[in-house]
Amino acid sequence: MTGSDGSGRTADAGHLVLIGLMGAGKTTVGRECARRLARDFVDTDDLVIHTAQMSVDDIFAAGGEAEFRRIEHDVVADVCASPQPLVVACGGGTVLDAENRRLLRATGTVVWLRAPAATLLARVGDDTTRPLLRGGPAGVLARLERQREPAYEAAAHTSVDTDGIAVEAVADAVLAAFAECAA
Ligand code: S3P
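Predicted, not measured: the structure shown is a model, and the values here were computed from it.

Draft legend 1. Examining the pattern of salt bridges more closely. Under the criterion given, the structure shown has 11 salt bridges. In this structure, D57 engages R134 in a salt bridge whose closest nitrogen and oxygen atoms are separated by 2.9 Å. Of the two residues, D57 sits in helix α3 (residues 56-81) while R134 sits in the loop between α5 (117-124) and α6 (137-155), which places them 77 residues apart along the sequence. The closest approach of N and O atoms between E67 and R70, which form a salt bridge, is 3.0 Å. Of this pair, E67 and R70 are both found in helix α3, 3 residues apart, which corresponds to roughly one turn of the helix. Each of the salt bridges in this network shares a partner with another, and the network as a whole consists of E32, R35, R36 and D172.

Draft legend 2. Expanded view of helix α2 (residues 44-52). Of the residues flanking the start of α2, the one acting as N-cap is D43, its side-chain oxygen 2.9 Å from the backbone nitrogen of D45. Downstream of α2 by one or two residues, Q53 has phi in the positive range, about 55°.

Draft legend 3. Quick look at the sheet that holds strand β3 (residues 87-89). Strands sit in the order β2-β3-β1-β4-β5 across an open sheet of 5 strands; the sheet is parallel. Each having just a single partner strand, β2 (41-43) and β5 (158-161) make up the two edges of the open sheet. Sheet twist, expressed as the mean angle between neighbouring strand axes with direction ignored, is 25°. Each of β2 and β3 touches α2; the most contacted strand, β2, lies at about 65° to it. Here helix α4 (residues 98-107) sits on the sheet in contact with β1 (15-19) and β4 (108-114), set at roughly 115° to β4.

Draft legend 4. Summary view of the environment of L133. Structurally, L133 is set in the loop between α5 and α6. Taking relative accessible area as the criterion, L133 reaches 4% and is therefore assigned buried. Between the C-alpha atom of L133 and that of M22, which follows or precedes it by 111 residues, the distance is 9.2 Å. When neighbours within four sequence positions are excluded, L133 is seen to be in contact with M22, V124, V140 and L141.

Draft legend 5. Main features of the site of the ligand. Among the 13 residues in the neighbourhood of the ligand, the closest are listed as K26, D45, R69, R130 and R148. Between the ligand and R130 there is a distance of 2.6 Å, counted from an oxygen atom to a side-chain nitrogen or oxygen. Contact between the ligand and R148: an oxygen atom at 2.6 Å from a side-chain N or O atom of the residue. Isolated, the ligand exposes 380 Å² of accessible area, and the fraction of that covered by the protein chains is 96%. Mapping the ligand onto the cavity grids shows that it belongs to the largest pocket. Per element, the largest residue contribution to the shell around the ligand is 3 residues, and it comes from α3. Taken together, the residues that form the shell around the ligand break down as 5 nonpolar, 3 polar and 5 charged.

Draft legend 6. Layout of unusual backbone geometry. In the Ramachandran plot, A38 falls in the positive-phi region, its phi being about 55° despite a non-glycine side chain. Among the structural elements, A38 can be located in the loop between α1 (26-37) and β2. A positive phi angle, near 55°, is found at Q53, a position not held by glycine. Relative to the assigned elements, Q53 resides in the loop between α2 and α3.

Definitions and limits used
Residues numbered from 1 in each chain as written. Predicted model: local features only at pLDDT ≥ 70, side-chain atom pairs only at ≥ 80, totals over all residues. Heavy atoms only, no water. Salt bridge = Lys/Arg side-chain N within 4 Å of Asp/Glu carboxyl O. Helix = DSSP H or I, 4+ residues; strand = E, 2+ residues; numbered from the N terminus. Polar contact = N/O pair within 3.5 Å; in protein donor to acceptor, adjacent residues only side chain to side chain. Pairing = 2+ DSSP bridges. Axes fitted to C-alpha atoms, helices over the stretch in contact; angles between N-to-C directions. Contact = heavy atoms within 4.5 Å. Buried < 20%, exposed > 50% of the residue type's maximum accessible area, 1.4 Å probe, protein only. Near = heavy atom within 4 Å. Areas by Shrake-Rupley, 256 points an atom, 1.4 Å probe, with all protein chains shown as cover. 1 Å grid on protein atoms, 1.4 Å probe; cavity = no way out; pocket = protein on both sides within 12 Å on 5 of 7 lines; lining within 4 Å. Sits in = over half its atoms within 2 Å of the grid points. Nonpolar A, V, L, I, M, F, W, Y, C, P; charged D, E, K, R; others polar.

Function-wise, these values are silent; they only describe arrangement.
Written as structure tokens, this is what we have:
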């Protein structure tokens, strides 16, 4: 069976990949989708932390964002190579890398979870574990939204709005989009 993008991938066989800015709900929605699909759930940030044996903050402090992106790229390559179909929550900057975008799109259906910067700010503005949010989360999120829009657009097969929508309903929409992309 050939997927709608002609890659030979189908949703049954491919990963369900969630992308979007910090606070978009990738982890929470991803866990719910994994539960419903009876699949394993992975979060690229968790895998980076496991690989480096350091927190995200410590990786940024020791090697800068470049070191974090290097480990993140290795993690994405490993996840994409998994023969077991997974639900994957990507860190917000994962799809800035063109090769990551290619791998994720080739091995999965990529769903962009969207919410306005003000909503993201309400969800993660007080968080102290995300190094990029230091120095003014409101301005950072608005800037990242502008800068990253093209990368999310290029990576995503489809998008789902999460603004003011309960996790269960977002998961409904994600799974509907996932099924539709495979049809
Ligand atoms: C980042 C988002 C974070 C994490 C790191 C960098 C980003 O993940 O990967 O702090 O560049 O947007 P979440 O999107 O899961 O918060």
